[in-house]
Amino acid sequence: MRTLFAVLRLVAAVAIVVAVVAQWVEAMKDTKYFFFNFFGYFTIQSNLLIAVAFAITAVYGFRRREQPEWLVVVRGATTTYLATTGVVYNLLLANLPAGDFNVPWSNDILHKWIPLFAVLQWILFGDRPPIAWRRLWIFLVYPIVWLIATLLRGQSFVPYPFLNVTVLGAGGVAIYCVAITAFIIGMSALVIWTSRFRILRPEGAEAVRHDRASVSST
C-alpha cells in the first residue's frame, strides 16, 4: 500500500512540474512576460510546494520509512493551499479570461485535478500520524506572507481580480482578503482534524507507530 501511495504522489508531482513548465513556456512568448509575475501567482507557488512535498513523501514511501513530523505538517499545509486554490478558482475565477494560464490542459491540472488529488490523498492515504492542533499557526504563515508581499507590490502586479484595488477599492479588497483568510483558517482546522482518521492504512510496524502517535498527540 505504501508503494502505491508513493507512486501516485510521484506521478502527481511530475504532472505539476510538466503543467507549470508548459504554462511558463507559453507565458514567455508574451512581450509583457516578467519572471517574478509568473511565479508570483499563488497557484504556481502552492502547486510547486505540494509537488516538493509529494516527491519527498514518495521517497519515504519507497523506502518504507516513517515520515517525520515536519513533513506531515508540510503535507497538511500544502493540502490546505491546494484546496484553497481549487475552491477559489472554481468559485471566482473559472469563467474569467485565462491570462497567464492559457494552456487549457495545464490550467485544469493546476486548478482542478491536483487540488482534487491533494484533498483525496490526504483523506484516504492513512500513512501519517495526526497533526497537533498547536501546529495550526504554521499553516497560515505562507498565505499571509504571500498576501502581504503581493499587496506591497501595488497595482503593478494584480494576480487575481479580487486584489484589484482600482476596481474594487481598498475596502472591497480588504473584504475578500478577510474572507479568504477565514476560509484558509477553517480549511487548516479541517485538514488537522481529518489527520486523525485513516481510511487506507499502511501495513505493518508503521501502522502501529501511527496508532501510538495518534494517542500521544490528542
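Residues numbered from 1 in each chain as written. Predicted model: local features only at pLDDT ≥ 70, side-chain atom pairs only at ≥ 80, totals over all residues. Heavy atoms only, no water.

(A) Representation of the overall build of the chain within the structure. Scanning the chain from N- to C-terminus turns up eight helices and zero strands. Seen in sequence order, the chain has helices and strands lined up from the N terminus as α-α-α-α-α-α-α-α. Principal-axis analysis of the C-alpha atoms gives the chain an extent of 55 × 35 × 25 Å. Each of the 218 residues in the chain was classed as buried or not, and the buried ones make up 47%. Within the chain, contacts between residues at least 6 apart in sequence are counted, and of these 76% link residues at least 24 apart. Only carbon and sulfur atoms are counted for the fraction: they give 72% of the accessible area of the chain, which is about 10,900 Å². Each charge class in the chain can be summarised by its mean position, and for the 18 positive and 10 negative side chains these summaries are 6 Å apart. (Helix = DSSP H or I, 4+ residues; strand = E, 2+ residues; numbered from the N terminus. Buried < 20%, exposed > 50% of the residue type's maximum accessible area, 1.4 Å probe, protein only. Contact = heavy atoms within 4.5 Å. Areas by Shrake-Rupley, 256 points an atom, 1.4 Å probe, with all protein chains shown as cover. Lys, Arg positive; Asp, Glu negative; His and termini not counted. Charge placed at Lys NZ, Arg CZ, Asp CG, Glu CD.)

(B) Just unusual backbone geometry, in detail. For Arg 64, which is not glycine, the phi torsion reads 55 degrees and is therefore positive. Turning to its location among the elements, Arg 64 is positioned in the loop between helix 3 (42-62) and helix 4 (69-93).

(C) Representation of the packing of helix 4 against helix 6 (residues 136-152). Between helix 4 and helix 6, the shortest axis-to-axis distance is 9 Å and the interhelical angle comes to 50 degrees. What the angle tells us is that helix 4 and helix 6 run oblique. Where helix 4 crosses over helix 6, the handedness of that crossing is right-handed. For the pair helix 4 and helix 6, the contacting residues are Val 73, Gly 76, Ala 77, Thr 80 and Tyr 81 in the first and Ile 138, Phe 139, Tyr 142 and Pro 143 in the second. Tallied by class, the residues present in the contact of helix 4 with helix 6 amount to seven nonpolar, two polar and no charged. (Axes fitted to C-alpha atoms, helices over the stretch in contact; angles between N-to-C directions. Parallel < 35°, antiparallel > 145°, perpendicular 65-115°, else oblique. Left-handed = near helix turned anticlockwise from the far one by under 90°. Nonpolar A, V, L, I, M, F, W, Y, C, P; charged D, E, K, R; others polar.)

(D) Spatial organisation of helix 5 (residues 104-124). When the terminal C-alpha atoms of helix 5 are compared, their 28 Å separation across 21 residues agrees well with the 30 Å that a helix rising 1.5 Å per residue should span. At Leu 110, helix 5 shows its maximal kink, close to 35 degrees. Along helix 5, the residues classified as buried are Ser 106, Asn 107, Ile 109, Leu 110, His 111, Ile 114, Pro 115, Phe 117, Ala 118, Gln 121 and Trp 122. Of the surrounding elements, those touching the buried residues of helix 5 are helix 1 (2-27), helix 3, helix 4 and helix 7 (165-194). (Expected span 1.5 Å × (residues − 1). Bend = angle between axes of the 7 residues up to and from the residue.)

(E) Region of interest: empty space enclosed by the protein. Evaluated as defined, the whole model comprises two cavities of 30 Å³ or more. What the largest cavity holds in volume is close to 280 Å³. As for the largest cavity, its lining consists of 21 residues, and the residues nearest its centre are Phe 42, Thr 84, Trp 146, Ile 180 and Ile 184. Only helix 3, helix 4, helix 6 and helix 7 provide two or more residues apiece to the lining of the largest cavity. A per-class count over the lining of the largest cavity returns 16 nonpolar, five polar and no charged. (1 Å grid on protein atoms, 1.4 Å probe; cavity = no way out; pocket = protein on both sides within 12 Å on 5 of 7 lines; lining within 4 Å. Points joined across faces, edges and corners; volume = space filled by probe spheres on them.)

(F) Inspection of the nonpolar core at higher detail. Among the nonpolar cores identified, the biggest contains 48 residues, and Ile 16, Ile 44 and Phe 54 are the most heavily contacted of them. At the level of elements, helix 1, helix 3, helix 4, helix 5, helix 6 and helix 7 are the ones that each hand at least two residues to this core. Here this core takes eight residues from helix 4, the largest share from any one element. (Core = buried A, V, L, I, M, F, W, Y, C linked by side-chain atoms within 4.5 Å.)

(G) Layout of the pattern of salt bridges. Evaluation of the coordinates by the stated rule reveals five salt bridges. The residue Glu 69 makes a salt bridge to Arg 135 at a minimum N-O spacing of 3.0 Å. Note that Glu 69 is positioned in helix 4 and Arg 135 in the loop between helix 5 and helix 6, a separation of 66 residues in sequence. The class of Glu 69 is partly exposed, set by a relative accessible area of 44%. Overlapping salt bridges bring together Arg 9, Arg 75 and Asp 127 as one network. (Salt bridge = Lys/Arg side-chain N within 4 Å of Asp/Glu carboxyl O.)

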